[in-house]
Amino acid sequence: MFRLSFYLMGVNMIDLAKLTEFVNGRLDFNRTKTGHLYSMKVEPEAMELFEKYKGENYLLFILDHWTNDEFFRWKMNKELQKIGPMHKQPGRGSKKIYEPMFPELTAYWARHSWATIASSIDIPDCVIAEALGHEYGNRITNIYIRFDIKKVDVANRKVLDWVLYGKIDGKEVVRPGSPEFFGLDPDTTKKLELYLPPLSKSSRSGTKKRGRPSKSE
């Protein structure tokens, strides 16, 4: 759910839990906290998660299986704060010992992370503010400006392309899975099993062998 929230520009759990329908491939809803109207394009990566965690009465299963979104959020935050290396104590019981990398991590970080990454890849502050439902610039001037929601759609796609594929404007800048991609030193990256091995020659070329295999194969 943290990942889905990030893919949707940091939408919070209470709003995610109450979603009931897509409208032309978008999510249209009023944010519970502020009443701000959102219209979000659902990118393929987000749609895949909606399908995986589909609910019966809602788009997601949260309120089908949990008393309320508050308890679900508490449980999720507790698990998020365990992320990091884990080992078991010797002996009977095998108690798990966690070494959390982000002991204060919560679902709300998805929102801050999206904004921080968007800023780092030069998405304008006014677009980031609109994506988050924040007011930007002069309040009176804003009354006369009709913001183009397509700019937010483009911004979200750019953030996802960078985070998931290491791409900016369609060009791979850093290889996904590499230490540089995660901003970690090589030893830490390998310890967390985040490092992807180099692509084989056949993978890099994007071609597959055709015809019958040789005897040596």
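Refer to the structure presented above.
**What about the overall build of the chain?**
A count of helices and strands for the chain gives 12 helices and six strands. When the 217 residues of the chain are sorted by exposure, 30% land in the buried category. Of the roughly 14,900 Å² of accessible surface on the chain, 53% is carried by carbon and sulfur atoms.

**Some details on a nonpolar patch on the surface**
A grouping of I83, M101, F102 and W109 is seen on the molecular surface, where their side chains present a nonpolar patch of about 330 Å² in accessible area. The partly exposed category is assigned to F102, whose relative accessible area is 37%.

**Remarks on the environment of H65**
Among the structural elements, H65 can be located in helix α4 (residues 62–65). The exposure class assigned to H65 is exposed, which follows from its relative accessible area of 58%. Separated by 10 residues in the primary sequence, H65 and G55 place their C-alpha atoms 8.9 Å from one another.

**A closer look at empty space enclosed by the protein**
Which parts of space are left empty comes out when a probe the size of a water molecule is rolled across the atoms. In the structure shown here, the tally under the stated rule is one cavity of 30 Å³ or more. Taken together, L8, M9, G10, V11, N12, D15, R31, Y38, M40 and R111 make up the lining of the largest cavity. Considered class by class, the residues forming the lining of the largest cavity number five nonpolar, two polar and three charged.

**Structural notes on the pattern of salt bridges**
In total, this model carries nine salt bridges according to the counting rule given. The partner of E45 in a salt bridge is R157, and the shortest N-O contact between them spans 2.9 Å. Here E45, found in helix α3 (residues 44–52), pairs with R157, found in helix α9 (residues 149–165); they are 112 residues apart in sequence, far enough to count as distant. For E45, a relative accessible area of 13% puts it in the buried group. Across the pair K158 and D169 runs a salt bridge, and its minimum N-O distance is 3.9 Å. In this pair, K158 is assigned in helix α9 and D169 in the loop between β5 (167–168) and β6 (171–172), connecting sequence segments 11 residues apart. By relative accessible area, which is 38% here, K158 ends up partly exposed. Several salt bridges converge on common partners, so that one network encompasses E43, E45, R157 and D161.

Definitions and limits used
Residues numbered from 1 in each chain as written. Predicted model: local features only at pLDDT ≥ 70, side-chain atom pairs only at ≥ 80, totals over all residues. Heavy atoms only, no water. Helix = DSSP H or I, 4+ residues; strand = E, 2+ residues; numbered from the N terminus. Buried < 20%, exposed > 50% of the residue type's maximum accessible area, 1.4 Å probe, protein only. Areas by Shrake-Rupley, 256 points an atom, 1.4 Å probe, with all protein chains shown as cover. Patch = residues over 30% accessible without salt bridge, like charges linked within 9 Å, V, L, I, M, F, W, Y side chains within 5 Å. Salt bridge = Lys/Arg side-chain N within 4 Å of Asp/Glu carboxyl O. 1 Å grid on protein atoms, 1.4 Å probe; cavity = no way out; pocket = protein on both sides within 12 Å on 5 of 7 lines; lining within 4 Å. Points joined across faces, edges and corners; volume = space filled by probe spheres on them. Nonpolar A, V, L, I, M, F, W, Y, C, P; charged D, E, K, R; others polar.

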